[in-house]
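# Observations on the model geometry
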Amino acid sequence: MQFEDRENREQRNERPKEATRNLPMAVLLVLVGIIFALLYIGWKYMSDDTNGNEDLTAVPADTVANAIKKQPEEEKTIEEETPISSSTAEALPEVSLAKTGNKDEASATKEEPKKEELKKEEKAVKEEKVKEEKTKVVIPSGGETYTHTVGDGETFFGIANRYNMKKETLKALNPGIDENGIKVGVTKLKVRIKAVHTVGPGDIIRVVSNKYGVSQTLIMQANKKTKNYAARGEKLIIPFSEKQ
């Protein structure tokens, strides 16, 4: 009896085994279904986004450029359609636009001083050319070249004056010599004279002067003579009658 009572109790207390086994399987199936559903929804969302991007990229470049061009035109039309009120017009400052005539006058006034400067420069160049032509030294073609050794107390200008020459002519004949650097007994200068006359019998300075057409004073000056006298066989330097 005791054994029967125990068996009856055990049979009553026993839980249905099938129900406990089937419950975890159902939960797993539900979870798997939820996961598949989420994956499907995500895939669908991604596919929709890619389609939208393809549509945007598929738009031709011309339509985009036209849309960009139309924007400023539309803005202009909007500005034209919106009239400016009288109050705002009064508030705006007046802007004075320069006329073309004023520009021409301004450019003309600027060009006038430039033209004057150019004229002044041209005049200066012409004056320099005239001065150069005037001061241009012409070495006499006739006559002879005589070498003079600088003596005691002589200067460059004094030597030129002695031989009835211009200082510029003496410089032209001696370009490599400094007029302030001449030395006594060392520096030799080339001078141009008319001739060298050897005094003969009866030749006095007056006769020689008449022969060459040069004044006695110039002959005496060239030969450093204080008296109107020349010895026989003496060589007299005959300068040019006019200053060369």
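Summary of the structure given here.

Calculation rules
- Residues numbered from 1 in each chain as written.
- Predicted model: local features only at pLDDT ≥ 70, side-chain atom pairs only at ≥ 80, totals over all residues.
- Heavy atoms only, no water.
- Helix = DSSP H or I, 4+ residues; strand = E, 2+ residues; numbered from the N terminus.
- Buried < 20%, exposed > 50% of the residue type's maximum accessible area, 1.4 Å probe, protein only.
- Contact = heavy atoms within 4.5 Å.
- Areas by Shrake-Rupley, 256 points an atom, 1.4 Å probe, with all protein chains shown as cover.
- Core = buried A, V, L, I, M, F, W, Y, C linked by side-chain atoms within 4.5 Å.
- Patch = residues over 30% accessible without salt bridge, like charges linked within 9 Å, V, L, I, M, F, W, Y side chains within 5 Å.
- Salt bridge = Lys/Arg side-chain N within 4 Å of Asp/Glu carboxyl O.
- Lys, Arg positive; Asp, Glu negative; His and termini not counted.
- Charge placed at Lys NZ, Arg CZ, Asp CG, Glu CD.
- Phe/Tyr/Trp six-rings, centres within 6.5 Å; stacked < 30°, edge-to-face > 60°.

Take the overall build of the protein chain next. The helix and strand tally for the protein chain stands at nine helices and four strands. Counting over 244 residues, the protein chain shows a buried share of 18%. Sequence separation of at least 24 residues holds for 63% of the intrachain contacts in the protein chain that already meet a minimum separation of 6. Total accessible area on the protein chain is roughly 20,100 Å²; 55% of this is exposed by carbon and sulfur atoms.

This paragraph deals with the nonpolar core. Of all hydrophobic cores here, the largest spans 14 residues; its most connected members are Ile 159, Tyr 163, Met 165, Leu 170, Leu 189 and Val 191. Those elements that place two or more of their residues in this core are α6 (156-162), α7 (167-173) and β2 (188-193). Apart from the residues lying within four places of it in its own chain, the contact partners of Val 191 are Glu 144, Thr 145, Tyr 146, Ile 159, Tyr 163, Met 165, Leu 170 and Leu 173. Of all hydrophobic cores here, the second largest spans 12 residues; its members include Val 199, Leu 218, Met 220 and Leu 236.

Let's shift gears to a positive patch on the surface. A contiguous patch of positive charge on the surface is contributed by Lys 115, Lys 119, Lys 120, Lys 123 and Lys 126. Note that Lys 120 resides in helix α5 (residues 100-135).

As enumerated under the stated definition, the model contains two aromatic pairs in all. An angle of 50 degrees between the planes, with centres 6.2 Å apart, marks the rings of Tyr 146 and Tyr 163 as tilted. Here Tyr 146 is found in strand β1 (residues 144-149), whereas its partner Tyr 163 is found in the loop between α6 and α7, with 17 residues between them in sequence. Exposure remark for Tyr 163: the relative accessible area of 1% places this residue in the buried category.

Side chains of Met 25, Val 27, Leu 28, Val 30, Leu 31, Ile 34, Leu 38, Tyr 40, Ile 41 and Trp 43 sit close together on the surface and give an oily, nonpolar patch of about 1,100 Å² of accessible area. By secondary structure assignment, the location of Met 25 is in helix α2 (residues 17-57).

In this section: a negative patch on the surface. A grouping of Glu 112, Glu 116, Glu 117, Glu 121 and Glu 122 is seen on the molecular surface, where their side chains present a negatively charged patch. For Glu 121, the position within the fold is in helix α5.

With that settled, the discussion passes to unusual backbone geometry. A positive phi angle, near 55 degrees, is found at Asn 164, a position not held by glycine. Accessibility expressed as a relative area gives 10% for Asn 164, which makes it buried. One non-glycine residue, Lys 224, lies in positive phi territory at about 55 degrees. Locating Lys 224 in the fold gives a position in the loop between α9 (216-222) and β4 (235-238). Here Lys 224 falls in the exposed class, since its relative accessible area comes to 53%.

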